[in-house]
Amino acid sequence: EMKAPAKEDEEMKAPAKNDSEGKSDGAKALAKDDDEGDGDGEGTNGPAKPSKDRFTDEEKLLFANAFFDEYDKSDEAEGGSFMDHLIRSANAQSKEGDFGLGRALKTVGTMSAIASDLASYTPGDHEVITSVPTPKIHYPEGSDNAKYRMLNSKMFCPIDLMKRGDDDEDMKGKMDALLGDIVDFKDANNEELSYKNWSGRRFLLQKLPKNKSLDEAQHWLNKYKVLENAMDAIFEGNDMAAKVEVIVEYLLTRHADDAKDALRKLGVLPKVLDVYEMSATMEECSIGIGTWRKLVQCFKEFMQVDSISVSEDAWRKLGADVGEIKTGTFEYTKSKKKGASRTEKGSYWAMDPREELERNLSDIVNNYDNFDPSWVDAIQALYAGDHGKGKHRFACKTVLHLTVPGGKKVCETQIYPLADIKATKDTCEIFKKSIHEHLAPGINQVVHGNVLFKQVGEGDARKWECKIVDDKHADFKHPLNAKGVEAFMVGDLKFYSQMLGKEDFASAWCCLCQLKHAQWQGLADTPGVLWTLDLIKQQHDTNQEHGHTGADRMGVREYPYFDIPAENYIWPILHTLIGVGNNILDHLVEYADHKIQLLPGRQIILRDEVKEIDKEIADDEESIAHFTSPNFGSGSDTIRSIKVKISDCRGLIRTHQRSPELAPTVDVPTVEAEIEKYEKEIKSLEDDLAKMKENVKKLKRSRKSKTDAIDTIRSSRKLDNDSLYTGIDRILQRYKINRAEYHGGDLTGVDIKKLMHDAANIMKEIREYLINSLHDDSNETEQSIIDKCGNVETLLTLWDGILSNLHTRFPTTEVCDETQKFVD
């Protein structure tokens, strides 16, 4: 508030409220408004009413002339400018309860309208003002910007900082500079960075950086005590615990899942055990599901823990209530393209494939009241493996073909997991370090054994039991109750090459025959010699004996991992779908780039390089997520474990120093050396994490430089911002078809199916888009685009038919002939 003048003239003193004696005409005109209440208390006529925001021209004229009259009478007219006196006298009268001149002065529009005209006024020279001066404002009353009074006043802000438009970036900069100067001035004078609005409420402002990395933001929060300042400003009192409780409650209410995950990661909340950790705990403690259930109940009751593990139902899906679960951890080295490497930890669980097959078959046949082994036509075990998003999954699909009474054919199936590996890397080294030794014996027993159907129990408890028996069993060849099992392998070409002992040769050699890629491409009717397990083993022995390398090895590095026949490695329909579908789409995009839009080769190369960088970024971010996760064996979990060891060591030293008799055998130098070793391990892990984060930053900088180069090429050729590649993507997205980052920008199987299913509609849109985007210098025509899009549509439709027919159960000869026709 402005200060009242030190000296009060008798004629300037405010009379009592509602007493208009001695007031000028202007004062009398304005007194009415004050009598009705000044907005801060009660007037004589009842409760206060809001003061006027605007005055009529007549009131403004009376207002101005009233001040001239008061100014002429004042002894202080000689001291200071007219406006200085105007403000002082009005403030004094307002404070003394006079007719609301202070409130009138708050109307900046009125004040600025007369300010310049009165600034040079000399007492005694004035004539009665008969017109209102033009307001000295940037925007007239009623416009959107007029409500920002200080910015709108030309007296206080001569430059229109609120002007916005394509050519007004400089005004934004000037406003930023003004704000910066205000902040710096307040800081230099140790003044709180805050302001009071027109209603008198004060608000605290804080400097916060934008778009900082998490590490930089954390440093900023610590350095400037941002949260502490915010809590002190918002909350009253000094009870910090209560303030923190409010903040935590807010986070748990508005961001419940993320907040709980963060607290678990920091070790504040106990993490929820996954299937592996739950199984490993039960194995280590030699307890079953019943005891585990009691433990969970105790934790919930006494520790108020909502959940400590996955649900019992999720755990039972593993079959763990029957078979034994094997668990473990391992270390592996993850190498990068440029020679850098780091050590990571992985974990796994696995079950016995033989026991799980027996259990699932028993469940199936016991669902039939009068089952008889003679109904069984075939038993199949399809083993499958795949890696994605930091985990390798190994599962089995049991298929039982039956001919039930009446001649009806029935196909019963059960799908169940057999093993999981948590690791960001997918190699044979990891497979052998973890689940191979737990899976191979059981799968090989299934391959070489027979299923023996046997009834057990008495009366109502009588049921069928299925057991895998080997050729030494007396009933191995029982004519009615013993049935063989066909084992198959399902996966992608990389998985096949790994399981057959041909790692890293998925794209070089055929997984079924002995031809190289260059030999079988474009092959007519001259297939190569089919591989068998024995031929693969012979080739490996030859390689070892003669030291073969390169092509002489024919892709064979070691023996196959399982005894599943090579001819039973089913052609990967899903991955064929993905490969073929993406090849067709890539062909269309390449046609659009080179023939329609005539993109420079450099731009296409840069775009492909950006896609490769995106793969590397996704890979590194996956590693960072694995490292920072609270899961068992992660980098964060390892650091926490090491810190516990350090704490234990320091506890031993303290005990020895305080009470040597309690720890007489403690060798302090040895324990201190152990602590130093642990601290180095933590430092090494933290350095690994820092390197990963720095590499991601480096990759993102590289990516930006390449995208900037693409933008430069576009600008130089005066192209639209989007390439046809992007435009085709937008069309696909309208059909909910999206490129997946973890697939390197390719479409997944689900999206390829959508593309093939809606080929006609999608290609119609793409055809029209390409015709409208045809470059002036292109040799293509509207008809050639129609022909190309029609060809792509036909390809997609035919492959949709092929892949659909391949999934037909019990296909007829007609279905097989039709499928071959589609292929041809």
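Residues numbered from 1 in each chain as written. Predicted model: local features only at pLDDT ≥ 70, side-chain atom pairs only at ≥ 80, totals over all residues. Heavy atoms only, no water.

## Structural notes on the overall build of the protein chain
- Scanning the protein chain from N- to C-terminus turns up 29 helices and 10 strands.
- Expressed as a percentage of the 824 residues in the protein chain, the buried residues total 38%.
- Counting only carbon and sulfur atoms, one obtains 50% of the accessible surface of the protein chain, whose full area is about 48,200 Å². (Helix = DSSP H or I, 4+ residues; strand = E, 2+ residues; numbered from the N terminus. Buried < 20%, exposed > 50% of the residue type's maximum accessible area, 1.4 Å probe, protein only. Areas by Shrake-Rupley, 256 points an atom, 1.4 Å probe, with all protein chains shown as cover.)

## Focus: the pattern of salt bridges
- All chains considered together, the criterion is met by 25 salt bridges.
- Between Asp-504 and Arg-557 there is a salt bridge, and its shortest N-O distance comes to 3.9 Å. Highlighted residues: Asp-504 in the loop between helix 18 (493–499) and helix 19 (517–520) and Arg-557 in the loop between helix 20 (533–546) and helix 21 (573–596), separated in sequence by 53 residues.
- On the basis of relative accessibility, which here comes to 35%, the residue Arg-557 falls in the partly exposed class.
- Residue Lys-677 is joined to Glu-674 by a salt bridge in which the shortest nitrogen-to-oxygen separation is 3.3 Å. Taken together, the residues Lys-677 and Glu-674, both in helix 24 (residues 668–716) and 3 residues apart, mark about one turn of the helix.
- Through salt bridges with shared partners, a single network forms among Asp-352, Arg-354, Glu-358 and Lys-467. (Salt bridge = Lys/Arg side-chain N within 4 Å of Asp/Glu carboxyl O.)

## Focus: the nonpolar core
- Judged by nonpolar contacts, the single largest core of 60 residues is most densely connected at Tyr-383, Phe-394 and Phe-562.
- Counting 30 residues, the second-largest nonpolar core is a separate cluster that includes Ile-596, Tyr-725, Ile-731 and Leu-747. (Core = buried A, V, L, I, M, F, W, Y, C linked by side-chain atoms within 4.5 Å.)

## Topic: the pairing of strand 6 (residues 391–404)
- Inspection of the sheet shows strand 5 (residues 376–388) paired to strand 6 by 12 bridges, in the antiparallel sense. Of the residues in strand 6, the one forming a bridge with Gln-380 is Val-399.
- In this structure, strand 6 lies alongside strand 7 (residues 408–422), joined through 14 bridges in antiparallel fashion. Considered in strand 7, the bridge of Phe-394 is made with Ala-419.
- Once strand 6 ends, the chain turns through 3 residues before running back antiparallel as strand 7, passing Gly-406 with a positive phi of about 100°. (Pairing = 2+ DSSP bridges.)

## Some words on the packing of aromatic side chains
- Enumeration according to the criterion identifies 14 aromatic pairs in this entry.
- Through pairs of rings, three or more aromatic residues link up here, namely Tyr-383, Phe-394, Phe-431, Phe-495, Tyr-561 and Phe-562.
- Lys-537 extends its terminal NZ or CZ atom over the ring of Tyr-559, reaching a point 5.9 Å from the ring centre.
- Here the basic side chain of Lys-788 rests over the ring of Tyr-591, its NZ or CZ set 5.2 Å away from the ring centre. (Phe/Tyr/Trp six-rings, centres within 6.5 Å; stacked < 30°, edge-to-face > 60°. Lys NZ or Arg CZ within 6 Å of the ring centre and 35° of its normal.)

## Some points on the confidence of the model for the protein chain
- In this model, the protein chain carries a mean pLDDT of 78, and residues with pLDDT of at least 70 account for 76%.
- This model gives residues 94–113 a pLDDT under 50, and the stretch forms 56 contacts once residues within four places in sequence are excluded.
- Low pLDDT (under 50) marks residues 115–123, which in the prediction has 17 contacts with non-local residues, meaning those over four places away or in another chain. (pLDDT = per-residue confidence, 0-100. Contact = heavy atoms within 4.5 Å.)

## Details of the packing of helix 21 against helix 26 (residues 749–757)
- Closest axis-to-axis distance for the helix 21/helix 26 pair is 9 Å, and the angle between their directions is 60°. Looking at the two axes, helix 21 sits oblique to helix 26. Classified by chirality, the crossing of helix 26 by helix 21 is left-handed. The residues of helix 26 that touch helix 21, namely those facing Leu-574, Leu-577, Ile-578, Gly-581 and Asn-582, are Gly-749, Ile-752, Lys-753 and Met-756.
- Broken down by class, the residue content of the contact of helix 21 with helix 26 amounts to 5 nonpolar, 3 polar and 1 charged. (Axes fitted to C-alpha atoms, helices over the stretch in contact; angles between N-to-C directions. Parallel < 35°, antiparallel > 145°, perpendicular 65-115°, else oblique. Left-handed = near helix turned anticlockwise from the far one by under 90°. Nonpolar A, V, L, I, M, F, W, Y, C, P; charged D, E, K, R; others polar.)

## Re the environment of Asp-377
- Counting through the fold element by element, Asp-377 comes out in strand 5.
- Look at Asp-377 and you get partly exposed, because its relative accessible area is 44%.
- Spatially, the C-alpha atom of Asp-377 lies 9.7 Å from that of Val-410, the residues being 33 residues apart in sequence.
- Apart from residues lying up to four places away in sequence, Asp-377 is in contact with His-401, Leu-402, Thr-403 and Lys-409.

## Section: the packing of helix 25 (residues 724–734) against helix 27 (residues 759–772)
- Packing of helix 25 against helix 27 leaves a shortest axis separation of 10 Å and a crossing angle of 150°. One finds that helix 25 runs roughly antiparallel with respect to helix 27. Crossing geometry of helix 25 relative to helix 27 is assigned as right-handed. Every residue of helix 27 that contacts helix 25 at Leu-724, Gly-727, Ile-728, Ile-731, Leu-732 and Arg-734 is listed here: Ile-762, Glu-765, Ile-766, Tyr-769 and Leu-770.
- Here the contact of helix 25 with helix 27 is built from residues that sort into 8 nonpolar, 1 polar and 2 charged.

## Concerning the pairing of strand 5
- Remark: 2 residues form the turn of the hairpin made by strand 5 and strand 6, two consecutive strands paired antiparallel; Lys-389 in that turn has positive phi of roughly 55°.
- In this structure, strand 5 lies alongside strand 10 (residues 482–490), joined through 6 bridges in parallel fashion. Its bridge partner lying in strand 10, Gln-380 is registered against Glu-486.

## Some points on helix 21
- In this model, helix 21 (24 residues) spans 33 Å end to end at C-alpha, consistent with the 34 Å of a helix rising 1.5 Å per residue.
- Following helix 21 by one or two positions, Leu-598 adopts a phi angle in the positive range, close to 55°. (Expected span 1.5 Å × (residues − 1).)

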